[in-house]
Amino acid sequence: MGYSLRKKQPPDLVGAEKYYQAALRINPDHRGALEYYGKLKLINKDLLGAEALLARLDKACTFGCEEYTDLKAAIQKYQSKK
């Protein structure tokens, strides 16, 4: 639900955040929720929040994973635009 709310036009970022938080309460290591919540943090110009979620993904992805790679790339792209 969070993903679809974040992607709809116009996006419902508040609603999306509630769903990401709910997903992470159920499973704090849910890789998809961590990645997409990190991307939402970047949309809201919260680089520190996105980096904190990236650190959580690093721990959740023992040998690396696509979600970590994707969020890391999104953070790097965000930083290059500043």
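Cut-offs and rules
- Residues numbered from 1 in each chain as written.
- Predicted model: local features only at pLDDT ≥ 70, side-chain atom pairs only at ≥ 80, totals over all residues.
- Heavy atoms only, no water.
- Helix = DSSP H or I, 4+ residues; strand = E, 2+ residues; numbered from the N terminus.
- Contact = heavy atoms within 4.5 Å.
- Disulfide = S-S within 2.5 Å.
- Buried < 20%, exposed > 50% of the residue type's maximum accessible area, 1.4 Å probe, protein only.

1. Some remarks on the side chain of E35
Next, step 1: Structurally, the position occupied by E35 is in helix α3 (residues 31-43).
Next, step 2: Sequence-distant contacts of E35, that is, excluding residues within four places in its chain, are made with L57, E67, D70 and L71.

2. A look at the state of the cysteines
Next, step 1: According to the stated counting rule, one finds one disulfide in the structure shown.
Next, step 2: Here C61 engages in a disulfide with C65; their sulfurs sit 1.9 Å apart. The S-S bond linking C61 to C65 shows a torsion near 50 degrees; that makes this disulfide right-handed.
Next, step 3: The exposure class assigned to C61 is buried, which follows from its relative accessible area of 3%.
Next, step 4: The class of C65 is buried, set by a relative accessible area of 12%.

The values reported here are purely geometric and, on their own, carry no functional implication.
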